[in-house]
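Read off the chains here:
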Amino acid sequence: MKNFFLFLSKNRTLNRAAKKWGLRFGANRFVAGESIDEAMAKGKELNDLGLLCTFDHLGEFVKDEPEAIDAAEFNLRTLDAIHRTGVKSTLSVKLTQMGLDISRELCIANMRNILKRAKQYDNFVRIDMEDSAHCAVTIEIFKELRREFDNVGLVLQAYLYRTEQDLRDLIPYRANLRLVKGAYKEPPDIAFPDKKDVDANFKKLIALSLEQGAYTAVATHDDQILQFTKNFVKEKGIPLDRFEFQMLYGIRTQSQLQLVKEGYTVRVYVPYGNDWYGYFMRRLAERPANVAFVLKGMFR
Ligand code: FDA
């Protein structure tokens, strides 16, 4: 089931069709809306509950230049809207949406524009991590941008064997990191095939990142990883302003609120836009129970 949905997530024909259909099949459980205004309204609701946000204008694996420039422009408008509305939110960006598969220069130019605008507003931009084919180049581009900007962060994935070394190499960059398990389909020569090994590596990376002192965002819905982090920071006396928890919009909302109640900083990843298909398929792949929910939505 998981592989089937990860396979579907890369289907370009279905992706194109989904853009025309609009948010369907229950995708609005995971996607905040199609327009910037809808996203800001949802962001405001989350802020009112004590949650911070990071907006993600959906889209990835862009193959032509005008589309990449459009997507960068959309991110600039999102930063303007965050500033104008006062919604407490940062931005999350995928480099393949900024034109990485077309040209590295185009991608970097788009990112510079976004980071400059974010800097103007004292805001922060995090580079999401995509499939393993883009991992090395994403880290290289992050390092290049980090030399110029202090408001850029990165994501690392616990399922990749390479990640521990990547994290160690990033120590001199004082990188603000989001740590996740990893959401793409990767072969066993690149990524741990077993959940228990991914979880063990995730804990190791959390400890390493927190101990070396850079700001760490622990992004998971997994209770045992959340508990591990809470115990670790308590034991090591790591202050609350050195880390945060992050979860996805629409997933484990009660846990998000419970963490806020306990005094932790919690940020919700809020995707929006009409390119929702790939993101939605990855969420279905993570949890087969979501498929029943979608089927119900289709027949309603
Ligand atoms: P796990 O999959 O083990 O789930 C633990 C529990 O959480 C489940 O038992 C279930 O209760 C609940 N849950 C998890 N997924 C659910 C779903 N889809 N629907 C309903 N319940 C669900 N990945 C990546 O490769 N690059 C990236 O840049 C990012 N960015 C990112 C940002 C943020 C804020 C989050 C939370 C996650 C990401 N991810 C990501 C996705 C991440 O890699 C991973 O696929 C998901 O978070 C699911 O893994 P968990 O750690 O939640 O654990």
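As a reminder, the structure under discussion sits directly above these lines.
Because the structure is a prediction, the values reported are computed rather than measured.

Peer 1: In this structure, what is going on with the packing of aromatic side chains? I would like to understand it.
Peer 2: In this description, an aromatic ring pair is defined by two values, namely the gap between the centres and the angle between the planes. With the rule as written, the count across this model stands at seven aromatic pairs. Note on Phe55 and Tyr272: the rings are 6.1 Å apart at their centroids and 90° apart in plane angle, and the pair reads as edge-to-face. Of this pair, Phe55 sits in strand S1 (residues 52-57) while Tyr272 sits in strand S8 (residues 266-272), and the two are 217 residues apart along the sequence. The pair formed by Phe55 and Tyr272 is uniform in burial state, with each residue classed as buried. Pairing Phe74 with Tyr272 gives two aromatic rings, centres 6.3 Å apart and planes at 40°, and the pair type is tilted. Residue Phe74 is located in helix H4 (residues 65-85), and its partner Tyr272 is located in strand S8; the two are separated by 198 residues in the primary sequence.

Peer 1: What is the right way to read the sheet that holds strand S4 (residues 152-157) from this model?
Peer 2: Strand pairing in a sheet takes place through backbone hydrogen bonds and is either antiparallel or parallel in direction. Strands sit in the order S1-S2-S3-S4-S5-S6-S7-S8 around a closed barrel of eight strands; the barrel is parallel. Averaged over all pairs of adjacent strands, the angle between strand axes in this sheet comes to 30°, irrespective of strand direction. Sheet topology places strand S5 (residues 176-180) next to strand S6 (residues 216-219); three bridges connect them, and they run parallel. When the sheet's bridge partners are listed, Arg178 is paired in S6 with Ala217. Packing against the sheet, H4 makes contact with S1, strand S2 (89-93) and S8, and its axis sits at approximately 170° to S2.

Peer 1: Even after reading the chapter, I still don't get the pattern of salt bridges, so can you show me in this structure?
Peer 2: When their charged atoms lie close together, side chains carrying opposite charge are able to pair. Counted under the stated rule, the structure contains 21 salt bridges. The network of salt bridges with common partners includes Lys181, Lys195, Asp199 and Asp222.

Peer 1: Help me understand the packing of helix H8 (residues 195-211) against helix H9 (residues 223-236), please; the structure alone is not making it clear to me.
Peer 2: Between two packed helices, both the angle of their axes relative to each other and the distance between the axes serve to describe the pair. Packing of H8 against H9 brings their axes to within 11 Å, and their N-to-C directions diverge by 30°. Comparing their axes, H9 and H8 come out roughly parallel. Crossing handedness for the pair H8 and H9: right-handed. Residues Asp199, Phe202, Lys203, Ile206, Ala207, Leu210 and Glu211 of H8 form the contact with H9, whose own contacting residues are Gln224, Ile225, Phe228, Thr229, Phe232, Val233 and Lys236. Its residues assigned to classes, the contact of H8 with H9 shows eight nonpolar, two polar and four charged.

Peer 1: What is the right way to read the side chain of Arg146 from this model?
Peer 2: Tracing the backbone through its elements, the reader meets Arg146 in helix H6 (residues 135-148). Although Arg146 lies buried, it forms no salt bridge, and the closest oppositely charged side chain, Asp150, sits 6.1 Å away as judged by the N-O distance. Engagement of the side chain of Arg146 in a polar contact is seen with the backbone oxygen of Tyr173, the distance being 3.0 Å. Here Arg146 is in contact with Val152, Tyr173 and Arg174, once residues within four sequence places are set aside.

Peer 1: Just to check I follow, could you spell out the environment of Leu79 for this structure?
Peer 2: Looking at the element boundaries, Leu79 is found in helix H4. Separated by 15 residues in the primary sequence, Leu79 and Lys94 have C-alpha atoms spaced 15 Å apart. Every residue in contact with Leu79, bar those within four places of it in the chain, is listed here: Leu91, Ile114, Arg117, Ala118, Tyr121 and Asn123.

Peer 1: What's the story with the site of the ligand in this structure? I'm lost.
Peer 2: Every one of the 25 residues lining the ligand counts as a neighbour, but Met129, Gly182, Thr220, His221 and Glu286 are closest to it. Here Ala183 contributes a backbone N or O atom positioned 3.0 Å from an oxygen atom of the ligand. At 2.6 Å from an oxygen atom of the ligand is found a side-chain nitrogen or oxygen belonging to Thr220. Isolated, the ligand exposes 930 Å² of accessible area, and the fraction of that covered by the protein chains is 87%.

Conventions and cut-offs
- Residue positions are given per chain, counting from 1 as you read along its sequence in written order.
- Restriction of local features to residues with pLDDT of at least 70 applies here, the model being predicted, together with a cutoff of 80 or more for giving and counting side-chain atom pairs; totals for whole chains, interfaces and linings are based on all residues.
- Only hydrogens and water are removed before side-chain values are computed, so all heavy atoms of the structure are retained for them.
- We call Phe, Tyr and Trp rings a pair once their centres come within 6.5 Å, taking the six-membered ring for Trp, and we label the pair stacked below 30 degrees between planes, edge-to-face above 60, and tilted otherwise.
- Numbering goes from the N terminus for both helices and strands, where a helix is a DSSP run of H or I of at least four residues and a strand is a run of E of at least two.
- The classification of residues rests on relative accessible area computed with a 1.4 Å probe and restricted to protein chains. Under 20% of the type maximum is buried, over 50% is exposed, and intermediate values are partly exposed.
- By this definition, two strands are paired if DSSP reports at least two bridges between them.
- Angles shown run from 0 to 180 degrees and are taken between the N-to-C directions of axes, each axis being a line fitted to C-alpha atoms and, for helices, limited to the stretch in contact.
- What makes two residues a contact is simply this: any of their non-hydrogen atoms within 4.5 Å.
- Here, a salt bridge means any side-chain nitrogen of Lys or Arg that lies within 4 Å of a carboxyl oxygen of Asp or Glu.
- Under this scheme an angle from 65 to 115 degrees is roughly perpendicular, one under 35 degrees roughly parallel, and one over 145 degrees roughly antiparallel; angles in between are oblique.
- Working rule for handedness: look at the near helix, and if it is turned counterclockwise from the far one by less than a right angle, call the crossing left-handed; if clockwise, right-handed.
- Three classes are used, and their members are as follows: Ala, Val, Leu, Ile, Met, Phe, Trp, Tyr, Cys and Pro are nonpolar, Asp, Glu, Lys and Arg are charged, and the others, Gly among them, are polar.
- Asp and Glu count as negative and Lys and Arg as positive, but His and the ends of the chain are not part of the count.
- Under the rule applied, a polar contact is a pair of N or O atoms within 3.5 Å (in protein, one hydrogen donor and one hydrogen acceptor; residues adjacent in sequence only if both atoms are side-chain atoms).
- Residues are counted as near a molecule or strand when any one of their heavy atoms sits within 4 Å of it.
- Accessible surface area values rest on a Shrake-Rupley calculation with a 1.4 Å probe, where residue burial reflects the displayed protein chains alone.

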